[in-house]
Amino acid sequence: MSLKCGIVGLPNVGKSTLFNCISSGKAQAANFPFCTIEPNIGSVTVPDERLTVLERLVKPNRVVPATVEIVDIAGLVKGASKGEGLGNQFLANIRETDAIIHILRCFDDSNIVHVDGTVNPVRDKEIIDTELQLKDLETIDNRIGKVQKQAQTGGDKTAKKLYEILIKFRESLIQGKSARSVSFDNQDDRKLAKDLCLLTDKPVLYVCNVDEKSAITGNNYVERVREAVKDENALMLIIAAKSEAEIAELESYEEREMFLQEIGLKESGVSRLIKAAYSLLDLETYFTAGVTEVKAWTFISGTKAPAAAGIIHTDFEKGFIRAEVIKYEDYVKYGSEAACKDAGKMSIEGKDYIVRDGDIMHFRFNV
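Residues numbered from 1 in each chain as written. Predicted model: local features only at pLDDT ≥ 70, side-chain atom pairs only at ≥ 80, totals over all residues. Heavy atoms only, no water.

A. Inspection of the overall build of the protein at higher detail. Within the protein, the secondary structure is distributed over 14 helices and 12 strands. Each of the 367 residues in the protein was classed as buried or not, and the buried ones make up 49%. Approximately 18,500 Å² of the protein is accessible, and the part contributed by carbon and sulfur atoms is 48%. (Helix = DSSP H or I, 4+ residues; strand = E, 2+ residues; numbered from the N terminus. Buried < 20%, exposed > 50% of the residue type's maximum accessible area, 1.4 Å probe, protein only. Areas by Shrake-Rupley, 256 points an atom, 1.4 Å probe, with all protein chains shown as cover.)

Structure, rendered in structure tokens:
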């Protein structure tokens with residue numbers, strides 16, 4: 001399955017700089033609003049140390065990591081929900097993403113202009129929140145007009161349930177709360193809610209873009225953001241995009257590791273960001289391992305074996321017979337599939353098996 005995250009934020013907060021670091025792309029990064037007009041799209045591999053270990057043990061012809069698609073979307077301004085700036089285009093692009101990476105400027109630099117004149121990440125966050133909420137409210141009102149009569153006078157139970165969900169969302173949005181703050185009791189309601197594709201119902205990762213000296217501990221701006229988002233169902237990350245850009249320019253792994261050590265980081269911000277995006281969407285990884293290739297496959301936590309097999313090919317799910325499963329830790333301990341099998345560490349699982357993160361899978365099927 002593919003994962004698409006949209007990088008959003010006000011103009012000049014570091015979106016394109018961070019995009020270039022993540023994707024090794026070359027999005028234009030300049031000191032004026034609306035530098036990004038058309039969305040830049042890049043694909044980045046998901047960092048996973050387990051692939052390196054499996055490559056050493058299996059010695060495959062190739063290794064295929066999981067990937068994430070990153071979209072750098074034009075900067076948003078106040079009034080975007082009414083078409084100000086590049087608002088309509090921004091809102092259309094963000095609707096197509098699975099999750100939002102919201103970049104907030106948390107550094108002072110007189111050489112980089114701020115669209116509102118001063119650095120205030122909480123205000124910046126609220127501007128974007130408000131514009132997305134206004135657009136969602138417009139969507140909700142349009143849908144209510146279409147289903148209200150059907151829900152109140154007809155016998156359509158789905159329409160009645162959808163109407164109740166729409167009203168619940170509307171009440172939250174009117175209070176200035178995002179749609180993701182609304183909770184649902186069952187999966188059917190959650191599915192109906194998700195099908196509305198509301199902008200503020202998407203999972204959010206807030207990225208505080210700081211100066212290099214604040215990359216580890218953060219700063220006062222970061223603490224203000226932390227307080228502002230504490231009651232949201234969201235994640236927060238601290239990254240120094242300028243430092244990440246310097247790391248991205250280094251050619252060798254050793255040089256990058258040395259740079260990280262010098263600034264006191266164990267892992268690059270880009271790696272932490274991609275892992276955080278995975279966590280945000282409740283995603284996990286299973287592996288297939290053979291001489292031809294070792295490959296990482298992305299699945300949603302709680303997925304059963306047939307659906308996991310279908311990620312490789314729909315025929316695998318249709319004709320699923322069983323799954324042969326080795327835990328990653330056992331594979332590393334015994335060194336090969338054959339050794340795991342001899343040690344009784346390969347289990348045979350059926351249709352109700354829930355795939356776990358790190359499982360090494362071999363599917364048997366018949367179509």
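There's plenty left to go through after this.
B. Spatial organisation of the confidence of the model for the protein. Counting all residues, the mean pLDDT for the protein is 84, and 88% of those residues have values of 70 or more. A low-confidence stretch, residues 25-38 (pLDDT under 50), is modelled with 40 contacts involving residues beyond four sequence positions or located in other chains. (pLDDT = per-residue confidence, 0-100. Contact = heavy atoms within 4.5 Å.)

C. Summary view of the pattern of salt bridges. Counted under the stated rule, the structure contains 22 salt bridges. Note that Asp189 is salt-bridged to Lys161, the shortest N-O span being 3.8 Å. Within this pair, whereas Asp189 is found in helix α6 (residues 187-194), its partner Lys161 is found in helix α5 (residues 157-174), the two being separated by 28 residues in sequence. Take Asp189: its relative accessible area is 10%, and that puts it in the buried class. Linked by salt bridges that have partners in common, Lys125, Asp129, Arg180 and Glu232 make up one network. (Salt bridge = Lys/Arg side-chain N within 4 Å of Asp/Glu carboxyl O.)

D. Spotlight on α5. Spanning 18 residues, α5 covers 26 Å between terminal C-alpha atoms, matching the ideal 26 Å at 1.5 Å per step. All of the buried residues along α5 are Ala159, Leu162, Tyr163, Ile165, Leu166, Phe169, Ser172 and Leu173. Contact partners of the buried residues in α5: α4 (121-153) and α6. After α5 finishes, the residue Gly176 shows a positive phi value of roughly 80°. (Expected span 1.5 Å × (residues − 1).)

E. Highlighting the sheet that holds strand β5 (residues 99-105). Read across the sheet, 6 strands follow the order β2-β4-β1-β5-β6-β7 without closing on themselves; strand pairing throughout is mixed. Of all the strands in the sheet, just β2 (40-45) and β7 (235-239) have a single pairing partner and so form its edges. For this sheet, the mean angle separating the axes of adjacent strands, direction not counted, is 25°. (Pairing = 2+ DSSP bridges. Axes fitted to C-alpha atoms, helices over the stretch in contact; angles between N-to-C directions.)

F. Region of the structure containing the packing of α5 against α6. Packing of α5 against α6 leaves a shortest axis separation of 10 Å and a crossing angle of 70°. Judged by the inter-axis angle, α5 sits roughly perpendicular to α6. Here α5 runs over α6; the crossing is right-handed. Contacts between α5 and α6 involve Thr158, Lys161, Leu162, Ile165 and Phe169 from the former and Asp189, Leu192 and Ala193 from the latter. Grouping the amino acids of the contact of α5 with α6 by side-chain chemistry returns 5 nonpolar, 1 polar and 2 charged. (Parallel < 35°, antiparallel > 145°, perpendicular 65-115°, else oblique. Left-handed = near helix turned anticlockwise from the far one by under 90°. Nonpolar A, V, L, I, M, F, W, Y, C, P; charged D, E, K, R; others polar.)

G. Broad picture of the environment of Tyr221. Relative to the elements of secondary structure, Tyr221 occurs in helix α7 (residues 220-229). Tyr221 gets classed as buried once you look at its relative accessible area, which sits at 14%. A sequence separation of 117 residues divides Tyr221 from Leu104, and the C-alpha atoms of the two residues are 9.4 Å apart. Tyr221 has contacts with Cys106, Phe107, Asp108, Val119 and Pro121, leaving out every residue within four places of it along the chain.

H. The arrangement of the side chain of Asp201 in detail. In this fold, Asp201 is placed in the loop between α6 and β6 (204-209). Note on Asp201: relative accessible area 14%, which makes it buried. Those residues within four positions of Asp201 in sequence are excluded, and the remaining contacts are Asp136, Phe169, Ala179, Arg180, Arg190, Ala193 and Lys194.

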